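Notes for the structure review
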Amino acid sequence: MIYSKSSIKNIAESIGIPKLKDGITTAMAQDVEYRLHEIITEAMKFMRHSKRTKLTVADINSALRVRNIEPMYGFEAGRPIKFHKAASVIEDIYYVEDEEIDLSTILEEPLPNVPLEVVYTAHWLAVEGVQPRIQQNPIPLDADTEENGPAAKKIAKSQHKNQDGVDTIPLVKHVLSKELQLYFECITGSLQSTDPIVRSTALESISVDAGIHQLVTYFVQYVAVTVKNNLHNLDTLRTALAVARAIRRNPNLFVEPYMHQLIPSLLTCLVSKRLCEEYTEDHWSLRNGAAEQIADICRNYGHSYHTLQSRIARTLLRAFLDPTKPLTTHYGAIVGLTKLGASTAKVLILPNIKAYMTLLSTEMEKTNPQLAHEGKHCQEALLDALRVIAREESAASEGGWLEPAKLNSVQKSKLSTVVGEPMAGVVFAEKDGGEIVAGVLAISKNDKTSANTS
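Note that the structure is a prediction, hence the values are computed from the model and not measured.

Scanning the chain from terminus to terminus reveals 19 helices and 2 strands. The buried share among the 454 residues of the chain stands at 33%. Within the chain, contacts between residues separated by at least 24 positions form 61% of all contacts whose residues are at least 6 apart in sequence. Surface summary for the chain: the accessible area is close to 29,500 Å², and the carbon and sulfur share equals 55%.

With that settled, consider a nonpolar patch on the surface. Nonpolar side chains collect at one region of the surface, where L36, I40, M44 and L55 lie side by side and expose about 300 Å² of accessible area between them. Here M44 is to be found in helix α2 (residues 22–49).

Looking at the chain, the pLDDT average stands at 82 and 85% of residues meet or exceed 70. Per-residue pLDDT, averaged within each element of the chain, yields its smallest value for helix α5 (residues 150–159) (49) and its largest for helix α13 (residues 327–339) (93). Here residues 159–163 scores under 50 on pLDDT; set against residues more than four positions off or in separate chains, the count is 7 contacts. Confidence over residues 401–405 falls short of pLDDT 50; this stretch has 12 contacts with residues more than four positions distant or in other chains.

All right, on to the side chain of Q379 then. As for its position among the elements, Q379 is in helix α16 (residues 369–396). The exposure class of Q379 is buried, given its relative accessible area of 17%. Excluding its chain neighbours within four sequence positions, the residues that come into contact with Q379 are M357, L360, M364, M423 and V426.

The next point concerns helix α11 (residues 284–301). For α11, which comprises 18 residues, the first-to-last C-alpha distance of 26 Å matches the rise-based estimate of 26 Å (1.5 Å per residue) to within 8%. Every buried residue belonging to α11 is among W284, L286, R287, G289, A290, A291, Q293, I294, A295, I297, C298 and Y301, and all of these are buried.

Turning next to the packing of helix α10 (residues 259–271) against α11. At their nearest, the axes of α10 and α11 sit 8 Å apart, and the two run at 150° to each other. Judged by the inter-axis angle, α10 sits roughly antiparallel to α11. Read as a crossing pair, α10 and α11 show a hand that is left-handed. Here α10 contributes M259, I263, L266, L267, C269, L270 and V271 to the contact with α11, which in turn contributes R287, A290, A291, Q293, I294, I297 and Y301. Residue composition of the contact of α10 with α11, grouped by class: 12 nonpolar, 1 polar and 1 charged.

Looking now at helix α15 (residues 353–364). If you check α15, its first and last C-alpha atoms are 16 Å apart, about what 12 residues at 1.5 Å a residue would give, namely 16 Å. Burial in α15 covers these residues: I353, Y356, M357, L360, S361 and E363. Angular distribution of buried residues about the axis of α15 spans 155°; they occupy a single face of the element. Relative to its buried face, α15 has exposed residues pointing more than 90 degrees away, namely A355 and T358.

We now examine the pattern of salt bridges. Summed over all chains, the structure comprises 14 salt bridges. With a shortest N-O distance of 3.2 Å, D22 and K9 are connected by a salt bridge. Placement of D22 in helix α2 and of K9 in helix α1 (residues 5–14) is noted, with a sequence separation of 13 residues between them. Residue class for K9 comes out partly exposed when judged on its relative accessible area of 31%. Via salt bridges that share partners, D31, R35, E38, E42, K45 and R67 belong to a single interconnected network.

Before going further, it helps to examine unusual backbone geometry. Even without being a glycine, K19 presents a positive backbone phi close to 55°. In this structure, K19 sits in the loop between α1 and α2. Despite not being glycine, N68 shows a phi value in the positive range, around 60°. Of note, N68 is situated in the loop between α3 (57–66) and β1 (83–86). Using a relative accessible area of 74% as the deciding quantity, one classes N68 as exposed.

Within a pair of aromatic rings, the relevant descriptors are the distance that separates the centres and the angle that separates the planes. One pass over the structure, following the stated rule, counts 4 aromatic pairs. Ring centres 4.9 Å apart and planes at 45° place the aromatic pair F320 and Y356 in the tilted group. Of the two residues, F320 is situated in helix α12 (residues 308–321) and Y356 in helix α15; the sequence distance between them amounts to 36 residues. Residue classification places Y356 among the buried positions, given a relative accessible area of 4%. Three or more aromatic residues joined by ring pairs make a cluster, and in this case those are F184, Y218 and F219.

Time to look at the environment of E42. Here E42 is to be found in helix α2. Since its relative accessible area comes to 16%, E42 is described here as buried. For the pair E42 and D59, spaced 17 residues apart in sequence, the C-alpha to C-alpha distance is 8.3 Å. Leaving out residues up to four positions away in the same chain, E42 has contacts with A63, V66 and R67.

Contact geometry for α2 and α3: axes closest at 8 Å, N-to-C directions at 115°. Remark: the crossing between α2 and α3 carries right-handed chirality. Residues I39, E42, A43, F46 and M47 of α2 pack against D59, I60, S62, A63, L64 and V66 of α3. Residues belonging to the contact of α2 with α3 are distributed by class as follows: 8 nonpolar, 1 polar and 2 charged.

Calculation notes
Residues numbered from 1 in each chain as written. Predicted model: local features only at pLDDT ≥ 70, side-chain atom pairs only at ≥ 80, totals over all residues. Heavy atoms only, no water. Helix = DSSP H or I, 4+ residues; strand = E, 2+ residues; numbered from the N terminus. Buried < 20%, exposed > 50% of the residue type's maximum accessible area, 1.4 Å probe, protein only. Contact = heavy atoms within 4.5 Å. Areas by Shrake-Rupley, 256 points an atom, 1.4 Å probe, with all protein chains shown as cover. Patch = residues over 30% accessible without salt bridge, like charges linked within 9 Å, V, L, I, M, F, W, Y side chains within 5 Å. Salt bridge = Lys/Arg side-chain N within 4 Å of Asp/Glu carboxyl O. pLDDT = per-residue confidence, 0-100. Expected span 1.5 Å × (residues − 1). Axes fitted to C-alpha atoms, helices over the stretch in contact; angles between N-to-C directions. Parallel < 35°, antiparallel > 145°, perpendicular 65-115°, else oblique. Left-handed = near helix turned anticlockwise from the far one by under 90°. Nonpolar A, V, L, I, M, F, W, Y, C, P; charged D, E, K, R; others polar. Arc of directions from axis to C-beta. Phe/Tyr/Trp six-rings, centres within 6.5 Å; stacked < 30°, edge-to-face > 60°.

This is the structure we're talking about:
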């Protein structure tokens, strides 16, 4: 047996149990041996799972905890245990020698320094997907060896020293993982597919996938390049606008810093001279979609870009009032101003309708089917703008709508003085002409009242 009967008797006498019988000591010695075997076997499992070949005190303590036994105290796994042999006539006795500590020596030692208070500091883990190379951040593993060489470090140190003499390290280059590169290639390839199901699947992936923030700038650049190189390809332009919409709808992406890069592409699709090969193609819906996206951007990000809507409105107003621009550009400008809201249309479109209708009527009188087709769409855009203005005025006023049948010659003449005779004729021919007339005349009356008051 590993544990002898004499050891059992000695332990029993030390706790006040003298003269144990031999049968009891034999049974207890066997039970102790069985328990030790269990503990050692369990500890060896921890040793093997830790990829070690040497059993430590930590393994024994882990095995004791598994058995709900209090672990051993006073033994450190990192310190070797040395047993000393005690001189004895009866049997060999081994013990662990404890180190003697002189308390007077400890009391005479100087006190340690007062520990510093715990403080918290903030630093950027990443700035728009790029990890700053600062002391708090880990060094990127994919850095080029040439950039980390002594010569490169010396040049970088000399180039990035500010006036205070403090060295600053530049940001690391924008590196995409292989997974993101493969994802971007697959998405752009699917967007160019002729299968609408494949394209819709790719757009849905852009609008919902998380973890693609590093690709935002690449998707914005993709939209810009696609619009620039495919100005006469209507299907490709629709796909580019769909990508821009999917980027903005993704709740996992922070796209606010990229709006200034996205808006030029949307404005191009809105007021460009030609967006298709034949004028009979439906490029009007593309312009309407671009106008809706621009208005949505102004509503959602106007609090960050305070001058965004005013600058866009100024650009569209110049395009609307420029007689040298084609009618397609005028249509895009009218639709864009209307989508910006009733207040914008009331201030920028309504006062200029009469002068613009003179130009539009002259263009439509020409024997050119394309000009007649485009002029008709411009008339419809102006009519929609008047509807938006009238509805806003009706909601703000207490009065009701005027029915078309109740319109008289006085009201018709008043409307002609505001929007011009050609546009008044178009309004009178509509079923909701009474609503439009009531709203426009109410605005004209309020403007006159304000002018008289001032």
